[in-house]
Amino acid sequence: MLVLGLESSCDDSAAALVTGDRVILAQVVVGQDEAHRPFGGIVPEIAARAHVERLPQLIRQVLDEAKAKPSDLDAIAATAGPGLIGGVMVALLAGKGLALAARKPLVAVNHLEGHALSPRLADASLDFPYLLLLVSGGHCQLLEVRGVGQYRRLATTIDDAAGEAFDKAAKLLGLAYPGGPAIELLAREGDPRAVPLPRPLVGSGEPHFSFAGLKSAVQRAAASGAHRPADIAASFQQAVVDCLVDRTQRALAACDAPTLVVAGGVAANQQVRSALADLAQQNRRAFSVPPGWLCTDNAAMIAWAGAERFAAGLTDPLDVPARARWPLDADADKVRGAGVKA
Ligand SMILES: Nc1ncnc2c1ncn2[C@@H]1O[C@H](COP(=O)(O)OP(=O)(O)OP(=O)(O)O)[C@@H](O)[C@H]1O
Ligand SMILES: [Mg+2]
């Protein structure tokens, strides 16, 4: 089985060709960090235009690299949401056009399902069910993954996502966008115990995450001038890790899945990876985390999710809509808080 994956839901334009037996024949990811850097965050209009300019060339590039033609494909998988709607439409419309022209089935992939199934692309032994900590720029959730398309949300953030917190903390420290890798680098020179920072909701009876109070505390610590930026970065990173570990421990107690899995951009962070690996070991669960390049946005995970859905008989009509919001667990209760994503 050969699947083309297309991704443009945020600020990375990406295309990949993946086989049903987990071989990535070609893949390319082109970021837009330079274009957004002057604004300290992603500007949706700039992102959408950049996707339009780049994606056709990236599709040609992966097909050429793999010496494949559209007629060789079994399916075309494109992210159909959630994300910045102008960007989401670019890959989805490109996928629809190709599917129509080449008379191939279209798979409209939920970007979060791309993250959720990405560990199975890297790890052939990873079976369902598993407990997934999905930590990315827009989401921070604990999900029981029962199968393709089968998700039960156990927890979500009541305010900011973990990646969003990294990006905001980095901005407060004057670091370049995107903030996660910049904080991780600076934190290596800092003392994680130097700055007292809160761990919102840690130890609380409710299952959810919260990072807004931590961000405000970073703002105060930075404004006080009393701390080295490296110490603030290290202390902030430690606080996020402590929150992720505490909330995941709580979910492990409520979920008997044999494996703990971490995915999404923040799972590229070494401290996050090792803390969650330790937690799994303490709870006698297996542990799986994809390589860092597969944690941040890419099209290989979209092609793989497409391959999994196609194998399960799940394809989509050509009028499938692009969606700015698209929860993995449509039955999950809404949680309190402003800016709640899903
Ligand atoms: N090494 C790292 N440490 C901490 N955070 C990181 C690291 N690398 C990336 N991130 C964070 O991961 C986020 C990007 O992840 P990803 O690309 O999965 O998010 P997204 O696609 O924008 O959001 P979503 O997947 O929720 O729609 C950013 O917030 C970035 O700062
Ligand atoms: Mg993502």
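Before reading further, recall that the structure is shown in the block above.
What comes next is a walk through the structure. (Residues numbered from 1 in each chain as written. Chains lettered and ligands numbered in written order. Predicted model: local features only at pLDDT ≥ 70, side-chain atom pairs only at ≥ 80, totals over all residues.)

**Details of the pairing of strand β7 (residues 140–147)**
- With six of its eight residues buried, β7 lies for the most part within the structure.
- With six bridges joining them, strand β6 (residues 130–135) and β7 adopt antiparallel strand pairing. What sits directly across from L134, in β7, is Q141.
- As consecutive antiparallel partners, β6 and β7 are separated by four residues.
- What sits between β7 and strand β8 (residues 150–155) in their antiparallel hairpin is a turn of two residues, with G149 showing a positive phi close to 75°. (Buried ≥ 20, exposed ≤ 12 C-beta atoms within 10 Å, placed from the backbone. Helix = DSSP H or I, 4+ residues; strand = E, 2+ residues; numbered from the N terminus. Pairing = 2+ DSSP bridges.)

**A closer look at the sheet that holds strand β5 (residues 106–110)**
- Strand order in the open sheet made by the five strands is β3-β2-β1-β4-β5, with mixed pairing throughout. Because the sheet does not close on itself, it has two edges, and the strands there are β3 (24–31) and β5. Strand after strand, the sheet turns through a mean of 20° between neighbouring axes, direction not considered.
- Pairing of strand β4 (residues 75–81) with β5 involves five bridges; the strand directions are parallel. Each residue of the ladder has a partner; that of A78, found in β5, is A108.
- Helix α2 (residues 44–65) rests against β1 (2–7), β2 (12–19) and β3 of the sheet, and its axis sits at about 25° to β2.
- The strands touched by helix α4 (residues 111–122) are β4 and β5; relative to β5, the strand with the most contacts, the crossing angle is about 80°. (Axes fitted to C-alpha atoms, helices over the stretch in contact; angles between N-to-C directions. Contact = placed C-beta atoms within 7 Å.)

**Here we look at the pairing of β3**
- Here β2 runs beside β3; their pairing, made up of seven bridges, is antiparallel. Pairing of L17 across the sheet is with A26, part of β3.
- From the end of β2 to the start of β3, which pair antiparallel, there are four residues, and R22 there has a positive phi angle of about 70°.

**Quick notes on the nonpolar core**
- Formed by 111 residues in total, the largest nonpolar core has its most connected members in A16, A77 and A303.
- At 11 residues, helix α8 (residues 229–254) tops the list of elements feeding residues into this core.
- Taken together, domain 1 (2–116 + 294–311) and domain 2 (127–289) each give at least three residues to this core, which thus spans both. (Core = buried A, V, L, I, M, F, W, Y, C linked by C-beta atoms within 7 Å. Domains from an automatic or database assignment.)

**Some points on the site of ligand 1**
- Taken together, 24 residues surround ligand 1, and among them G137, G138, G163, G180 and G265 come closest.
- Broken down by secondary-structure element, the contributors of at least two residues to the shell around ligand 1 are α4, α5 (162–172) and α6 (179–187).
- There are two domains that each give the shell around ligand 1 at least three residues, and those are domain 1 (2–116 + 294–311) and domain 2 (127–289). (Near = placed C-beta within 6 Å.)

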